[in-house]
Amino acid sequence: MDDAVLEKVIRRHLKNLPEDQELAPEASLKELGLDSMKAVELLFDLEDELGIALPDNAMTRETFATPASLKQVLLDAAAVS
Amino acid sequence: MTATMTTAADLSGRLDTVLPVLREQADAVDTAAAFPERSVAALRESGLMGLLVPTGYGGLGGDLRALVSVAGALAGECMSTAMIWAMHCQQVVALVQHGSPQLRERLLPRIAAGEVYVASVTSERGKGGHLFTAEAPLRRRGGRVLLERDAPIVTGGHHADGFLITMRDSESAGYNSVTLVYADRAELTVTPGDGSWNPMGMRGTHSGPVKLTGEVDESSIVGEPGAFRTVAVSGFVPVGHVAWAGCWIGGAQAALRSVLELVRSPAGRKQFDLDSELLRARLARARLDLDTMAALLAQVIRDIDQGGDPEDVPVQLRLNGLKVHTAERSLAVIDLLIEIVGLRFGYMRGTAMPLERLFRDLRSASLNYANDRLLQANGTLALLDRAVTLTY
């Protein structure tokens, strides 16, 4: 998985993250502006850009907690599909 | 109701053997308006024909929740097969609750083994579908009961192995003195009645007319003579409404699933604008209808499980209301889903998503034991409950 693409996609949905600020792997996505409605948009965006579909049971708060947690779930999903 | 002896895993294992057959057969059955023989054969094999037969007789001892979950799963593949099965289960409940010991002994193990599919004969020329009246009288002769019955609509009438038949108790009895009688196909001469079966939907139920003549042992009378109302109110009607609701909700649920699958797929997202407020509002409505139908169904199951007076006014209002509401709203859900996916996916025959067939199938739901009649009853009952007693 291309980390740069992943970060680019995630950043689009973080309205509280200035462009020049780093996105740390353990940063709270919620604090950076990702609410549950936005998570759906992010999900679709990830599917389009990375071609990875997440199962419905991965649509949890834990999945969308941090860039690292999200990346792990995406890797798991990619391994399955 | 019997305590459940079936686990969810057991049911899902049995369904795994049945659902692919229904999926494969549904379209052909609909096109030909033919009875789903292979699907029913798979149900016989699976043990699910005996879902409500107590384990002591070799059945699965399932409860109402098991009934609903199986009905819903079947309906998601073929509404006709699901309704055939649901009505069979309704007959089984009457036999379990009110069959004589001799009848239960000789019949329930055969039902559990999948040998006997039981059809319901309640319609009659002249009186239509009214459940609590009958014209054709029973005649008794030395411990034997003779019957001769002409029924305009019998689901699966040409394929059933047994029949539960409503009859006027005797030639001198009033039309509302109704007796329920079980007859094996072997005890009857079954001839096709006048008329054919070429309906808009539910085409696989093959609910054509039949004429039945024959004689059975007196032990085949189910419940007290003339007291079909008691049999009906205590199980036959509640279980029927619950099972029908389970089928209709299951059909609408499967339809919403398939639409979500479509619009969420990578190809679908190019075609459907998921940011559309209209689309989201429509999805929300469809989901809300399913949640309210399921909630009412859950309350009716609680009402039945609590074993209170089935003629309690609020309980009756909910039971009738469940049939009316799920008939209306399941069709409304399909209608809305067709609006969402449009002509190509929603209106054409032979697509992967059978919305067109479900629409035709569910159009019959309000007519099948007519909503109009139940609303008349509920209007009267509403007047009797000035306090407007609600349960939640």
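Each value, and the rule that gives it
- Residues numbered from 1 in each chain as written.
- Chains lettered and ligands numbered in written order.
- Predicted model: local features only at pLDDT ≥ 70, side-chain atom pairs only at ≥ 80, totals over all residues.
- Heavy atoms only, no water.
- Core = buried A, V, L, I, M, F, W, Y, C linked by side-chain atoms within 4.5 Å.
- Buried < 20%, exposed > 50% of the residue type's maximum accessible area, 1.4 Å probe, protein only.
- Contact = heavy atoms within 4.5 Å.
- Salt bridge = Lys/Arg side-chain N within 4 Å of Asp/Glu carboxyl O.
- Polar contact = N/O pair within 3.5 Å; in protein donor to acceptor, adjacent residues only side chain to side chain.
- Nonpolar A, V, L, I, M, F, W, Y, C, P; charged D, E, K, R; others polar.
- Helix = DSSP H or I, 4+ residues; strand = E, 2+ residues; numbered from the N terminus.
- Expected span 1.5 Å × (residues − 1).
- Phe/Tyr/Trp six-rings, centres within 6.5 Å; stacked < 30°, edge-to-face > 60°.
- Arc of directions from axis to C-beta.
- Pairing = 2+ DSSP bridges.
- pLDDT = per-residue confidence, 0-100.
- Axes fitted to C-alpha atoms, helices over the stretch in contact; angles between N-to-C directions.
- Parallel < 35°, antiparallel > 145°, perpendicular 65-115°, else oblique.
- Left-handed = near helix turned anticlockwise from the far one by under 90°.

1. Observations concerning the nonpolar core
At step 1: Counting residues in each nonpolar core, the largest one holds 143 residues, and the members touching the most others are B:Leu48, B:Leu51, B:Leu67, B:Leu74, B:Trp85 and B:Leu95.
At step 2: Every residue in contact with B:Leu48, bar those within four places of it in the chain, is listed here: B:Leu11, B:Arg14, B:Leu15, B:Val18, B:Leu43, B:Leu60, B:Val70 and B:Trp85.

2. Some remarks on the interface of chain B and chain A
At step 1: The interface of chain B with chain A comprises five residues on the first partner and six residues on the second.
At step 2: Between chain B and chain A we count four salt bridges in total.
At step 3: Linking B:Arg269 and A:Asp48 is a salt bridge whose minimum nitrogen-to-oxygen distance equals 2.7 Å.
At step 4: Across the contact surface, chain B and chain A share five residue pairs in polar contact (both at pLDDT 80 or more).
At step 5: Taken together, the residues of the side of chain B that touches chain A break down into one nonpolar, no polar and four charged.

3. Some words on helix 8 (residues 277-305) of chain B
All names here are of chain B.
At step 1: For helix 8, spanning 29 residues, the distance from its first C-alpha to its last is 41 Å, which sits close to the expected 42 Å at 1.5 Å a residue.
At step 2: Of the positions making up helix 8, those classed as buried are Leu 279, Leu 283, Ala 286, Asp 289, Leu 290, Met 293, Leu 297, Gln 299, Val 300, Ile 301 and Asp 303.
At step 3: Where helix 8 is buried, its residues touch helix 3 (64-75), helix 6 (228-264) and helix 9 (313-346).
At step 4: Gly 307 occupies a position one or two residues after helix 8 and carries a positive phi of about 65 degrees.

4. Observations concerning the packing of aromatic side chains
Residue and element names in this part refer to chain B.
At step 1: In total, this model carries five aromatic pairs over all chains according to the counting rule given.
At step 2: The interplanar angle of 75 degrees and the centroid separation of 5.6 Å between the aromatic rings of Phe 228 and Phe 236 together place this pair among those described as edge-to-face.
At step 3: The class for Phe 236 is buried, based on a relative accessible area of 3%.
At step 4: Seen in terms of ring centroids, Trp 244 and Trp 248 are 5.8 Å apart; in terms of plane orientation they differ by 40 degrees. Their pairing is tilted.

5. A look at helix 11 (residues 371-384) of chain B
Residue and element names in this part refer to chain B.
At step 1: The end-to-end C-alpha distance of helix 11 is 20 Å, a good match for the 20 Å that 14 residues give at a rise of 1.5 Å each.
At step 2: Residues of helix 11 that are buried include every one of Asn 371, Leu 374, Asn 378 and Leu 381, and no others. Buried residues in helix 11, looked at end-on, bunch into an arc of 85 degrees, giving them a common side. Helix 11 presents Asp 372, Gln 376 and Leu 383 as exposed residues on the side facing more than 90 degrees away from its buried surface.

6. Regarding the pairing of strand 7 (residues 210-217) of chain B
Residue and element names in this part refer to chain B.
At step 1: Taken together, the eight bridges between strand 3 (residues 144-151) and strand 7 define a ladder with antiparallel strand orientation. Within the sheet, the bridge partner assigned to Val 145 lies in strand 7 and is Val 216.
At step 2: Taken together, the five bridges between strand 6 (residues 188-192) and strand 7 define a ladder with antiparallel strand orientation. By the bridge assignment for strand 7, Leu 188 is matched with Gly 214.

7. What about the confidence of the model for chain A?
At step 1: Averaged over every residue, the pLDDT of chain A is 90; residues scoring 70 or more account for 99%.
At step 2: Per-element confidence in chain A ranges from a low mean pLDDT of 87 for helix 2 (residues 36-50) of chain A to a high of 92 for helix 1 (residues 3-11) of chain A.

8. Quick look at the packing of helix 1 (residues 8-32) of chain B against helix 3 of chain B
Residue and element names in this part refer to chain B.
At step 1: For the pair helix 1 and helix 3, the least separation of the axes is 10 Å and the interaxial angle reads 25 degrees. Taken together, helix 1 and helix 3 sit at an angle that is classed as roughly parallel. In the crossing of helix 1 with helix 3, the sense of the turn from one axis to the other is right-handed. Facing Leu 11, Leu 15, Val 18, Leu 19 and Leu 22 of helix 1, the residues of helix 3 in contact are Ala 66, Ser 69, Val 70, Ala 73 and Leu 74.

9. Observations regarding the pattern of salt bridges
At step 1: Summed over all chains, the structure comprises 28 salt bridges over all chains.
At step 2: Look at the salt bridges and you will find they share partners, linking A:Glu47, A:Asp48, B:Arg264 and B:Arg269 into a network.

10. Notes on the sheet that holds strand 4 (residues 162-168) of chain B
Residues and elements named next belong to chain B.
At step 1: Reading across the sheet, the four strands line up as 1-4-5-8 and stay open at both edges, with mixed pairing between neighbours. Looking at strand neighbours, the two that pair on one side only are strand 1 (118-121) and strand 8 (221-222), the edges of this open sheet.
At step 2: Pairing between strand 5 (residues 178-184) and strand 8: two bridges, direction antiparallel. Bridge assignment links Leu 180 to a residue of strand 8, and that residue is Val 222.
At step 3: Sheet contacts for helix 4 (residues 79-98): strand 1, strand 4, strand 5 and strand 8; angle to strand 1, the most-contacted strand, approximately 90 degrees.
At step 4: Against the sheet, helix 6 touches strand 1, strand 4, strand 5 and strand 8, its axis set at about 75 degrees to strand 5.

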